[in-house]
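What follows is the residue order along each chain.
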Amino acid sequence: MTTPEAEQPDAPRPEARLEQAVRAAEQALIEYEIAVETFRVEVENFSRLHEQRLGPLYLRLEELDAEIAEATAARTGDPEDVRRAAEARANVLPIPGVEELMHGWMDGHGLYPEAAAMLTGQAVRPPERVRPSEEARKLYRDLARKAHPDLAQEEDERTRREEFLTRVNAAYARGDETLLKELAEEWAAGPVPPERRPSPAEELYARLEWLSQRKELLNLVACELEDGAIAGMLRLAPDDPDALLEEIADKLRADITRREEELAALLAQD
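Residues numbered from 1 in each chain as written. Predicted model: local features only at pLDDT ≥ 70, side-chain atom pairs only at ≥ 80, totals over all residues. Heavy atoms only, no water.

Sorry, what's going on with the side chain of Arg161 here?
Mapped onto the elements of the fold, Arg161 is located in helix H7 (residues 155-173). Arg161 has contacts with Lys146, Ala147, His148, Pro149, Leu151, Ala152 and Trp187, leaving out every residue within four places of it along the chain. (Helix = DSSP H or I, 4+ residues; strand = E, 2+ residues; numbered from the N terminus. Contact = heavy atoms within 4.5 Å.)

What follows is the structure in structure tokens.
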């Protein structure tokens, strides 16, 4: 004979509902990623088609504009027309050897000091030699004695000491007294104790937080795609983007024809 307690089903685990929420969030994120990636591919493909089909037409228009400006300048001799012609031609010509010219001259922060000195006619100053202070020397010697890897009995401890001493050596090489003091305090505090393994509920909450952050990142990607010029063109013809490209190409060809006629009329006046 069974007791009433035995007939009752097992009580659900406290984190069961949390697990369900995590699984639902994972599935929703997967679907959202698929949608964003699909849209990204569509935008990139349309961008390539736009460049392949319309790029040569835009280049032809720019070339005709330059030739028209040059023909006008040659006919009038007006300094303003000459300036416009040079500007139009500069827009067509590629800039030669940019990477070769800039290599070794600048980084993301601007010109290197040597390059700036050369451009301004100043003498290039050699780097200053760092001479650590007496306090830095004392800190270094103390740390080197205390943290030397040969004092370790176990391999893990030896590795920890080697990594720490590498940081100490780098700080001393720069004469960074402040960092050496911080390293001394770090060594005095001892190794960081191993982290406590999170509970199942904590892991689930952490997973939910990660999923939320991932969704925010995807939102940024989607917004950037939506705000782009290519996406704006796609919205004009979501069902037939190829037709939109052909419509734009027809207008560009008509512009090219008009430019060619204008250029021919100018040249015929010579």
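Whenever I open this one, the packing of aromatic side chains confuses me. Can you help?
Here a ring pair, both rings aromatic, is described through the centre-centre distance and the interplanar angle of the planes. Applying the stated criterion across every chain, the model contains one aromatic pair. Arranged with centres 5.0 Å apart and planes meeting at 40 degrees, the rings of Phe164 and Trp187 form a pair that is tilted. On the criterion of sequence distance, the pair formed by Phe164 in helix H7 and Trp187 in helix H8 (residues 177-189) is long-range, its members being 23 residues apart. Accessibility classification places Phe164 together with Trp187 in one group, the buried group. The lysine or arginine in question, Lys215, covers the ring of Tyr32, its NZ or CZ lying 5.2 Å from the ring centre. (Phe/Tyr/Trp six-rings, centres within 6.5 Å; stacked < 30°, edge-to-face > 60°. Buried < 20%, exposed > 50% of the residue type's maximum accessible area, 1.4 Å probe, protein only. Lys NZ or Arg CZ within 6 Å of the ring centre and 35° of its normal.)

Hey, could you run me through the side chain of Arg89 in this one?
One can find Arg89 in helix H3 (residues 79-92). Of the residues examined, Arg89 reaches a relative accessible area of 18% and is grouped as buried.

Help me understand the pattern of salt bridges, please; the structure alone is not making it clear to me.
Side chains carrying opposite charge are able to pair once their charged atoms draw close together. Considering all chains together, one arrives at 29 salt bridges under this definition. Of the charged contacts, one joins Lys138 and Asp142 as a salt bridge, the two residues approaching to 3.3 Å between their closest N and O atoms. Of the two residues, Lys138 and Asp142 both sit in helix H6 (residues 134-146), four residues apart, roughly one turn of that helix. Residue Lys138 is classed as partly exposed on the basis of its relative accessible area of 44%. Residue classification places Asp142 among the partly exposed residues on the basis of a relative accessible area of 26%. One salt bridge in this structure joins Lys181 and Glu177, with 3.4 Å as the shortest N-O distance. With Lys181 and Glu177 both in helix H8, this residue pair falls four residues apart, about one helical turn. (Salt bridge = Lys/Arg side-chain N within 4 Å of Asp/Glu carboxyl O.)

How do you make sense of the nonpolar core when you look at a structure like this?
Within soluble globular proteins, side chains that are nonpolar generally end up buried alongside one another. Ranked by size, the top nonpolar core spans 21 residues in total, and within it Phe46, Leu54, Leu57, Met233, Leu244, Ile248 and Leu252 carry the most contacts. Put simply, the parts of the chain that give this core at least two residues each are helix H2 (16-76), helix H10 (229-236) and helix H11 (241-268). Residues in contact with Ile248, not counting those within four places in the same chain, are Leu54, Tyr58 and Met233. Counting residues in hydrophobic clusters, the runner-up holds twelve residues, among them Ala136, Leu143, Leu165 and Trp187. (Core = buried A, V, L, I, M, F, W, Y, C linked by side-chain atoms within 4.5 Å.)

Help me out: how do you make sense of the environment of Arg158 in this one?
In this fold, Arg158 is placed in helix H7. Residue class for Arg158 comes out partly exposed when judged on its relative accessible area of 27%. Once the C-alpha coordinates of Arg158 and Ala147 are considered, the two residues, eleven residues apart in sequence, prove to be 9.2 Å apart. For Arg158, the contacting residues outside a window of four places in its chain are Pro149, Asp150 and Ala152.

I'm lost on helix H9 (residues 200-227) in this one. Help?
Given 3.6 residues per helical turn, the α-helix brings residues three or four places apart onto the same face. In this model H9 runs 41 Å from its N-terminal to its C-terminal C-alpha over 28 residues, within 8% of the 40 Å that 1.5 Å per residue would give. What H9 keeps buried is the set Leu204, Leu211, Leu218, Ala222 and Leu225. At its buried positions, H9 is contacted by H2 and H10. (Expected span 1.5 Å × (residues − 1).)

Structural measurements only, silent on function.
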